[in-house]
Amino acid sequence: MMTRRQKIIKLLEERDYSVSELAMLLEMRGKGSKKVILEDLKAIANIVKREGKALLIQPAQCRKCGFVFKPEIKIPGKCPKCRSEWIEEPRFKIETR
């Protein structure tokens with residue numbers, strides 16, 4: 001039986017996913033599911049680094065004005081430029097260095 005983090009690593013080695021997509025694939029529902037996955041991604045970044053791999057982050061982006069956020073392991077709430085809450089989530093992928 002694989003742990004949740006092992007499942008996330010396996011998925012991210014295949015292609016890129018957003019936090020919401022990972023929550024759906026892992027059948028996690030509820031208010032705190034995205035928060036749990038974000039915490040897992042922070043730990044996974046360290047795990048894959050030790051294995052000579054890297055967690056790549058495609059940064060979040062505002063769908064209204066196009067503002068690109070810093071590549072971080074978090075989901076922004078509002079755009080600092082236009083104050084819109086219409087934000088495209090960051091996407092994550094694991095690649096070998």
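Structural data are supplied above this passage.
The shown structure was predicted, so the numbers you read here are calculated from the model rather than taken from an experiment.

Chemist: I'd like a description of the overall build of the protein chain, backed by residues and values.
Modeler: Scanning the protein chain for helices and strands turns up three helices and five strands. What you see in the protein chain, going N to C, is helices and strands ordered as α-β-α-α-β-β-β-β. For 97 residues, the compact-globule estimate of 2.2 N^0.38 gives 13 Å, and the protein chain sits close to it at 14 Å. C-alpha extents for the protein chain along the principal axes are approximately 45 × 35 × 20 Å. Classification of the 97 residues of the protein chain by burial places 36% in the buried group. Expressed as a percentage of contacts within the protein chain between residues at least 6 apart in sequence, the contacts between residues at least 24 apart total 54%. Accessible area for the protein chain stands at about 6500 Å²; split by element, carbon and sulfur atoms hold 50% of it. Distance between charge centroids for the protein chain: 5 Å, based on 23 positive and 13 negative side chains.

Chemist: Describe the environment of Cys-62, naming the residues involved and giving the relevant values.
Modeler: Looking at the element boundaries, Cys-62 is found in strand S3 (residues 61–62). Judged by relative accessible area, Cys-62 falls into the buried class, the value being 3%. Separated by twelve residues in sequence, Cys-62 and Lys-74 place their C-alpha atoms 14 Å apart. The contact partners of Cys-62, leaving out residues within four places of it in the chain, are Phe-67, Phe-69, Cys-79, Cys-82, Ser-84, Trp-86 and Ile-87.

Chemist: I'd love a proper account of helix H1 (residues 4–14), names of residues and values included.
Modeler: Every buried residue of H1 is listed here: Ile-8, Ile-9, Leu-11 and Leu-12. The buried residues of H1 occupy one face: seen down the axis, they fall within an arc of 165°. Contact partners of the buried residues in H1: strand S1 (17–18), helix H2 (19–25), helix H3 (33–50), strand S2 (53–58) and strand S5 (91–96).

Chemist: Can you tell me about the environment of Ser-33, naming the residues and giving the values?
Modeler: Mapped onto the elements, Ser-33 comes out in helix H3. Residue classification places Ser-33 among the buried residues on the basis of a relative accessible area of 9%. Considered as a pair, Ser-33 and Ser-20 are 13 residues apart in the sequence and their alpha carbons are 8.8 Å apart. Apart from residues lying up to four places away in sequence, Ser-33 is in contact with Ala-23 and Met-28.

Rules of the game
Residues numbered from 1 in each chain as written. Predicted model: local features only at pLDDT ≥ 70, side-chain atom pairs only at ≥ 80, totals over all residues. Heavy atoms only, no water. Helix = DSSP H or I, 4+ residues; strand = E, 2+ residues; numbered from the N terminus. Rg over C-alpha atoms; globule rule 2.2 N^0.38 Å. Buried < 20%, exposed > 50% of the residue type's maximum accessible area, 1.4 Å probe, protein only. Contact = heavy atoms within 4.5 Å. Areas by Shrake-Rupley, 256 points an atom, 1.4 Å probe, with all protein chains shown as cover. Lys, Arg positive; Asp, Glu negative; His and termini not counted. Charge placed at Lys NZ, Arg CZ, Asp CG, Glu CD. Arc of directions from axis to C-beta.

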